Amino acid sequence: MDLRTLRYFIAVLEAGSLSRAAGSLYVAQPALTAQIKKLEAELGARLFDRSHAGVTPTPAGLQLYEDARRLLSDADAVRERIQRLPQGPEGSVTVAAPFLLASLLLGPVLAALKSSHPRIRVFVLDDLSLMVRKAMLDRRADVGILVDTPQLDGLRCTPLACESIFVCGHDADGSVAALLRTRADGAEPEIDFAQAARLPLVLQSRRFSIRQTVEEAASRLGVGLNVVHEHDSARVIRSLYQCGAGFTFTPACSLADSAHPQRKDWVVARVAAPQLQRCYTLATAADRVVDAATQVVIDTLVQETRKLVLAGLWQARLPD
């Protein structure tokens, strides 16, 4: 006995005729008759008295009618309760990310989460790498993408990706192009750090992580930096180097924002000797259990990072 057979039985009883019930159910009358006979055999009781005028329920049929309606009602209630249950994790998750990486990564991540887990709401704090770290330590974010921080007390850190740092700018007289070395793999050419340091540079102040990386490399090599413009605003820096006021150091994740395809004399070169890189780690609070919604966000960050790298949209190296 199954629910479909019980629905057939109820339809026959309420219609008072096998032919009328078969029409309402869009079932052939012989097939419906066979289902009723099968049900009677299973129960060991006659459910209908048949006559030329139709069918009338027997006492067993009336009892089954009451029980069957209750069973079908309960089955519908079970279905509704299951359908009302949350489909997958739900909740709010705050992600803190450095703003240069956020413009590349967070769009694909949020779009993917909206499609796969619409009940998870994600709030983004995009800021300086120093402020991202502070947001994690202050417990204002559930997940953080830290820069050059493989470990930090109080946080659980997992490698996400490492990327190279490039020099880009407007090479008006072609003098920078003469300093570049082509690569056998066809990727962007390279320029030695010592030569890049002598270019007119447009940089943010020393409280920014990229400037700190550049300063450390310059100190190790014993060379000075030819800084012609220094501003904290990333928009101002971008405007300066795009108008030809100088060159800047920028990570691979921001190459799309730094590009100036209309200018044939636009230079983008990977810094070498030493190669400068910027590494990212995913961080969560060490003393907190990662809930289901946060884990989904973490998994999506990793998946979308992998997609961007493998598609060549982000020149980065994934962890081994």
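Refer to the structure presented above.
Residues numbered from 1 in each chain as written. Predicted model: local features only at pLDDT ≥ 70, side-chain atom pairs only at ≥ 80, totals over all residues. Heavy atoms only, no water.

### Description of the side chain of Asp171
In step 1: With respect to the helices, strands and loops of the structure, Asp171 is situated in the loop between β6 (155-170) and β7 (190-192).
In step 2: Overall, the relative accessible area of 5% leaves Asp171 in the buried class.
In step 3: Reaching out from Asp171, the side chain makes a polar contact with the backbone nitrogen of Ser175 at a distance of 3.2 Å.
In step 4: Apart from residues lying up to four places away in sequence, Asp171 is in contact with Val176, Ala177, Phe247, Asp265 and Val267. (Helix = DSSP H or I, 4+ residues; strand = E, 2+ residues; numbered from the N terminus. Buried < 20%, exposed > 50% of the residue type's maximum accessible area, 1.4 Å probe, protein only. Polar contact = N/O pair within 3.5 Å; in protein donor to acceptor, adjacent residues only side chain to side chain. Contact = heavy atoms within 4.5 Å.)

### Digging into unusual backbone geometry
In step 1: In this structure, Pro274 follows Ala273 across a cis peptide bond, with omega equal to 0 degrees.
In step 2: Mapped onto the elements of the fold, Pro274 is located in the loop between β11 (266-272) and β12 (277-285).
In step 3: Positioned with a positive phi, Tyr26 is a non-glycine residue whose angle comes to about 60 degrees.
In step 4: Within the secondary structure, Tyr26 sits in the loop between α2 (18-25) and α3 (29-43).
In step 5: Located in the positive-phi region is Asp148, a residue other than glycine, with phi close to 50 degrees.
In step 6: Mapped onto the secondary structure, Asp148 falls in the loop between β5 (143-147) and β6.

### Section: the pairing of strand β3 (residues 91-98)
In step 1: With six of eight residues buried, β3 is to be regarded as a mostly interior element.
In step 2: Where β3 lies against strand β4 (residues 120-127), eight bridges are found, and the strand directions are parallel. The residue bridging Thr94 from the neighbouring strand is Phe123, located in β4.
In step 3: Running through helix α5 (residues 99-116), the crossover from β3 to the neighbouring parallel element β4 is right-handed.
In step 4: One ladder, built from two bridges, connects β3 with β5; its direction is parallel. What sits directly across from Ala96, in β5, is Gly144. (Pairing = 2+ DSSP bridges. Right-handed = clockwise from strand over helix to strand, strands pointing away.)

### Quick notes on the nonpolar core
In step 1: In terms of nonpolar packing, the biggest core is built from 32 residues, with Leu105, Ile145, Tyr280, Leu301 and Trp314 touching the most fellow members.
In step 2: Setting aside residues no more than four positions away along its own chain, Tyr280 makes contact with Pro98, Leu101, Ile145, Leu146, Val147, Pro159, Leu160, Ala161, Glu163, Pro251, Cys253 and Trp314.
In step 3: Residues Tyr8, Ala22, Ala68 and Leu72 belong to the second largest nonpolar core, which totals 21 residues. (Core = buried A, V, L, I, M, F, W, Y, C linked by side-chain atoms within 4.5 Å.)

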